[in-house]
Amino acid sequence: MTQRKLGIVMDSIESIKTYKDSSFAMLLEAQRRGWQLYYMQLQDLHMESGISYAECQQISVIDQPRDYFQLQPQQTICLADLDVILMRKDPPFDMEYIYATYLLEQAEENGVLVVNRPQSLRDCNEKLFTREFPQCCTPTRVARKASLIKQFLAQHQDIIIKPLDGMGGKSIFRIREGDPNTNAIIEALTHYGSTQAMVQKFIPQISAGDKRILLIDGVPVPYALARIPAIGENRGNLAAGASSQGQPLSERDLWICQQIAPTLRAKGLIFVGIDVIGDYLTEINITSPTCIRELDSQFKLNISHDLFECIEQKLLAA
């Protein structure tokens, strides 16, 4: 069999923590399979006469905390010469990210499997995508007018407000009815009414953790990583100081996965991380879902192996 070629678009590999980086776990698995690995960042992508290329470097990786990668000299490749591209660039989801999806889409049109599908990366905002599954969600409103947000607050008394383009718990606020900071928070989150924000009814079960559930082509990993807020915090994000604890999926977790799985498969969203608080779906993460290494470590799994088994099947079926 011809040696497979994998390209990965990610942030600087020099800055990762190998013990918790999901992209690194994927590179380790691809290398175990004997694939050639090509490392690139967003700025390395370019197009010439309608064909997408990348200035990239072949990479090898070692599962250790330091000196964990080696890069070969830079070369320019046509993206269509790859078998698979992992789009693992972290947000912000800005216009540069969107432009990159167009370049990756050209490679996809020439037979490259892009994980996740470029069009769906553009179409499925990680917060707004939940709107397709209202049966799974707590009451939610998206608005930029302060009056609409205050109306929602008056109705539910205790809410969470967050930007539509955030990650890692950044700029997430809890507002209770009568909070003297209400106007200031709404002004900051909506940039004085110029930007849409999401408000959700507060879910008290956040104290038990914000569960990250990983799905591979719609099939859930049987364990979730509950990210438990630090004392005095409302945010279940590891980047905001939360602790983590693995746990088996509940019946409600599995039901939520069943509700969303057909849509994920139809949209070519092969690797997805959903966030569930209590009984409610709160986000669907499709850009660069994490928590592979934490779940692997706690439950002796190899989630990247399962992901690449799925990828291999799709390549053979193409």
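In what follows, the structure referred to is the one given above.
Predicted, not measured: the structure shown is a model, and the values here were computed from it. (Residues numbered from 1 in each chain as written. Predicted model: local features only at pLDDT ≥ 70, side-chain atom pairs only at ≥ 80, totals over all residues. Heavy atoms only, no water.)

### What about the sheet that holds strand E9 (residues 140-143)?
Across the sheet, which stays open at both edges, the four strands sit in the order E9-E12-E10-E11 with antiparallel pairing between neighbours. Of all the strands in the sheet, the pair left with one neighbour each is E9 and strand E11 (173-176). Averaged over all pairs of adjacent strands, the angle between strand axes in this sheet comes to 25 degrees, irrespective of strand direction. As paired elements, strand E10 (residues 158-163) and E11 share four bridges and run antiparallel to each other. Directly across from Asp-158, in E11, lies its bridge partner Arg-176. Against the sheet, helix H5 (residues 182-190) makes contact with E9, E10, E11 and strand E12 (197-201), and its axis sits at roughly 145 degrees relative to E11, the strand it touches most. (Pairing = 2+ DSSP bridges. Helix = DSSP H or I, 4+ residues; strand = E, 2+ residues; numbered from the N terminus. Axes fitted to C-alpha atoms, helices over the stretch in contact; angles between N-to-C directions. Contact = heavy atoms within 4.5 Å.)

### Considering unusual backbone geometry
The step from Pro-91 to Pro-92 runs through a cis peptide bond, and the omega angle for that step is 25 degrees. With respect to the helices and strands, Pro-92 occurs in the loop between strand E7 (84-87) and helix H2 (95-109). Looking along the chain, the bond that leaves Val-115 and enters Asn-116 is cis, with omega of 5 degrees. Tracing the backbone shows Asn-116 in the loop between strand E8 (113-115) and helix H3 (118-123). Even without being a glycine, Ser-49 presents a positive backbone phi close to 55 degrees. Secondary-structure assignment places Ser-49 in the loop between strand E3 (45-48) and strand E4 (51-61).

### Notes on the environment of Ile-85
The topology assignment puts Ile-85 in strand E7. With residues near it in sequence (within four places) discarded, Ile-85 still touches Gly-7, Val-9, Leu-79, Leu-104, Ala-107, Val-112, Leu-113, Val-114 and Val-115.

### Some words on the pairing of E12
Within E12, four of the five residues are buried, leaving the element largely enclosed by the surrounding structure. Note that E9 and E12 share four bridges and pair antiparallel. Bridging from a neighbouring strand, Arg-141 pairs with Val-199 of E12. Two elements, E10 and E12, share five bridges in a ladder whose sense is antiparallel. Within the sheet, the bridge partner assigned to Pro-163 lies in E12 and is Ala-197. (Buried < 20%, exposed > 50% of the residue type's maximum accessible area, 1.4 Å probe, protein only.)

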